[in-house]
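Residue-level listing of the chains:
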Amino acid sequence: RAVMTDPWTLARVSHELHGTPFHEPSWADRRALLDAYIDRMSAFGEVDRRALGKLRRVLGYLVKGIPNGARLRQELNSMRDLSHAKQTLDVYITA
């Protein structure tokens, strides 16, 4: 479950076990992951309401800590399709 809210959890654990420093992902790293996630969902064609709900939840986890994050999450919660998600992310996170 921890990986759903923080995909870098396993990398952190690995670095800890090997005694090497872990460098927190940048917003560009997060944006790349978000884009890849949205692109994978797009590959399945039209996304239904339930899939959009899951996407909203995952995006909400991954944008935690971003400046104006509350407003971003609010906009993501009103999205109706995947292109709207990318357009909204473009406003808040530049790669």
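One can find the structure itself at the top, above this paragraph.
Quick notes on the rules
Residue positions are given per chain, counting from 1 as you read along its sequence in written order. Reporting of local features is limited, given that this is a predicted model, to residues whose pLDDT is at least 70; pairs of side-chain atoms are given and counted only at 80 or more, and all residues count toward the totals for whole chains, interfaces and linings. Each side-chain value is derived from all of the structure's non-hydrogen atoms; neither hydrogens nor water enter the calculation. Every helix listed is a DSSP run of H or I at least four residues long, and every strand listed is a run of E at least two residues long, numbered separately from the N terminus. Residue exposure (1.4 Å probe, protein chains only): buried if accessible area is under 20% of the type maximum, exposed if over 50%, otherwise partly exposed. We call two residues contacting when some pair of their heavy atoms lies within 4.5 Å. For the area figures, the Shrake-Rupley method with a 1.4 Å probe applies, and any residue is considered shielded solely by the protein chains shown. The positive count covers Lys and Arg only, the negative count covers Asp and Glu only, and His and the chain ends enter neither. By convention, the charge on Lys lies at NZ, on Arg at CZ, on Asp at CG and on Glu at CD. Here, a salt bridge means any side-chain nitrogen of Lys or Arg that lies within 4 Å of a carboxyl oxygen of Asp or Glu. Two rings belonging to Phe, Tyr or Trp (six-membered ring only in the last case) form a pair when the distance between their centres is within 6.5 Å. Interplanar angles under 30 degrees mark stacking, angles over 60 mark edge-to-face geometry, and anything in between is tilted. When the NZ atom of lysine or the CZ atom of arginine is within 6 Å of a ring's centre and also within 35 degrees of its normal, the charge is said to sit over that ring. To estimate the expected span of a helix, subtract one from its residue number and multiply by 1.5 Å.

Draft legend 1. Structural context of the overall build of the protein. When you go through the protein residue by residue, the secondary structure sums to 6 helices and 0 strands. Counting from the amino terminus, the protein carries its helices and strands in the arrangement α-α-α-α-α-α. Projecting the C-alpha coordinates of the protein onto the three principal axes gives extents of approximately 45 × 30 × 20 Å. Classification of the 95 residues of the protein by burial places 29% in the buried group. Long-range pairs, those at least 24 residues apart, make up 54% of the contacts in the protein with a sequence separation of at least 6. Carbon and sulfur atoms make up 53% of the accessible area of the protein, which totals about 6500 Å². When the 15 positive and 11 negative side-chain charges of the protein are each reduced to one mean point, those points stand 7 Å apart.

Draft legend 2. Region of interest: the pattern of salt bridges. Scanning the model with the defined rule gives 5 salt bridges in all. A salt bridge links Glu24 to Arg12; the shortest N-O distance between them is 2.6 Å. Remark: Arg12 occurs in helix α2 (residues 9-18) and Glu24 occurs in the loop between α2 and α3 (27-42); sequence separation between them is 12 residues. Residues participating in the shared-partner salt-bridge network are Asp6, Arg12 and Glu24.

Draft legend 3. Spatial organisation of the side chain of Thr88. With respect to the helices and strands, Thr88 occurs in helix α6 (residues 82-92). Classification of Thr88 by relative accessible area gives buried; the value is 3%. If sequence neighbours within four positions are ignored, Thr88 has contacts with Leu72, Glu75 and Leu76.

Draft legend 4. Quick peek at the packing of aromatic side chains. Taken as a whole, this structure holds 0 aromatic pairs when the rule is applied. Above the face of the Trp27 ring, Arg30 is positioned so that its terminal group lies 4.9 Å from the ring centre.

Draft legend 5. Region of the structure containing helix α4 (residues 49-62). With 14 residues, α4 extends 20 Å from end C-alpha to end C-alpha; this agrees with the ideal 20 Å at 1.5 Å per step. Along α4, the residues classified as buried are Leu52, Leu55, Val58, Leu59, Gly60 and Leu62. Looking at the buried side of α4, the elements it contacts are α1 (2-5), α3, α5 (69-77) and α6.

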